[in-house]
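Chain by chain, the residues run as shown.
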Amino acid sequence: MRATPRTRRPVARTAALLAASALLLGACGDGGGDADATTDAAGDVAPRLEVTDAWARTSPRTADAGAVYLRIANDGDADDALVGVEVDTAVAARAELHETVAVEDGGDGGQDGGMDDGGMDDGGAQGDAGHGGGTGGGMMEMRPVDRIVVPAGGEVVLEPGGLHVMLLDLAAPLEAGSSVELTLEFEESGEQVVTADVRDEAP
């Protein structure tokens, strides 16, 4: 009669220990999950940027401006924006974010004295595809922009005929084989330094 309770007690104790262990493991698992969730959440609400394909077009010796192009990918779940750019004064007096747009005949030629982002004036050879007169007789001009949005999970491409970085008051012509270092300033991600190779055409 007494053997039965003795047999049951260890079983009961074992069951209780297993239940306690399960609770502890569950608690640890929940804690780890929360930490991971917090990390993931922090990552999910932050942009993750990668800048690639940076290049600058060679400029004529008479040009006082040049252009830089690049691609910005955002693998995060939050938007970011390119809000500024800096260049060494040994290369150019300043750098600005610009956009090339079509204007009606009689436009003022934009902020760069009628130069397209290939460094050619309206009367010269076409500097970039889509420049030098536009389609249907329309003219092209460049306008400064305050910010360039890089959407979450997407990308933005700075390219000839569209958005680009303008180098103003060049210290010397941009020659093939050289490079230009830029500091990009992002609204959320801070600064990022990129090097653009100077070449005659897109890579």
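What comes next is a walk through the structure. Nothing here was measured: the structure is a model prediction, and the numbers come from that model. (Residues numbered from 1 in each chain as written. Predicted model: local features only at pLDDT ≥ 70, side-chain atom pairs only at ≥ 80, totals over all residues. Heavy atoms only, no water.)

**Re the overall build of the protein**
Each helix and strand counted, the protein has 1 helix and 10 strands in total. Reading the protein from its N terminus to its C terminus gives the helix and strand order α-β-β-β-β-β-β-β-β-β-β. Expressed as a percentage of its 203 residues, the buried residues of the protein come to 36%. In the structure as shown, the protein presents an accessible area of about 11400 Å², 50% of it carried by carbon and sulfur atoms. (Helix = DSSP H or I, 4+ residues; strand = E, 2+ residues; numbered from the N terminus. Buried < 20%, exposed > 50% of the residue type's maximum accessible area, 1.4 Å probe, protein only. Areas by Shrake-Rupley, 256 points an atom, 1.4 Å probe, with all protein chains shown as cover.)

**Comments concerning the side chain of Thr-58**
With respect to the element layout, Thr-58 can be found in the loop between strand 1 (49-57) and strand 2 (65-74). Reaching out from Thr-58, the side chain makes a polar contact with the side chain of Asp-200 at a distance of 2.9 Å. (Polar contact = N/O pair within 3.5 Å; in protein donor to acceptor, adjacent residues only side chain to side chain.)

**Structural notes on the side chain of Arg-57**
Structurally, the position occupied by Arg-57 is in strand 1. Reaching out from Arg-57, the side chain makes a polar contact with the backbone oxygen of Asp-200 at a distance of 3.0 Å.

**A short note on the nonpolar core**
The nonpolar side chains of soluble globular proteins are, as a tendency, buried together. Counting residues in hydrophobic clusters, the biggest one holds 30 residues, and the most contacted among them are Ile-72, Val-165, Leu-167, Leu-182 and Leu-184. Other than its neighbours up to four places away in sequence, Leu-182 contacts Val-68, Val-85, Glu-86, Val-87, Val-165, Leu-167, Gln-192, Val-193 and Val-194. (Core = buried A, V, L, I, M, F, W, Y, C linked by side-chain atoms within 4.5 Å. Contact = heavy atoms within 4.5 Å.)

**With respect to unusual backbone geometry**
Its identity as a non-glycine residue notwithstanding, Asp-53 has a phi of 55 degrees, on the positive side. Assignment of secondary structure puts Asp-53 in strand 1. Positioned with a positive phi, Asp-169 is a non-glycine residue whose angle comes to about 55 degrees. Residue class for Asp-169 comes out partly exposed when judged on its relative accessible area of 41%.

**So, the packing of aromatic side chains**
Within the structure shown, the criterion is met by 1 aromatic pair. Measuring from centroid to centroid gives 4.8 Å for Trp-55 and Tyr-69, while their planes differ by 45 degrees, and the two rings are tilted. Highlighted residues: Trp-55 in strand 1 and Tyr-69 in strand 2, separated in sequence by 14 residues. Of the two residues, Trp-55 and Tyr-69, both sit in the buried class. (Phe/Tyr/Trp six-rings, centres within 6.5 Å; stacked < 30°, edge-to-face > 60°.)

**A word on the pairing of strand 3 (residues 80-87)**
The buried fraction of strand 3 is high, at 6 of 8 residues. Examined bridge by bridge, strand 3 and strand 6 (residues 148-150) share 3 bridges and lie antiparallel to one another. Across the sheet, the residue bridging to Leu-82 is Ile-148, located in strand 6. Pairing between strand 3 and strand 9 (residues 179-186): 5 bridges, direction antiparallel. What sits directly across from Leu-82, in strand 9, is Phe-186. (Pairing = 2+ DSSP bridges.)

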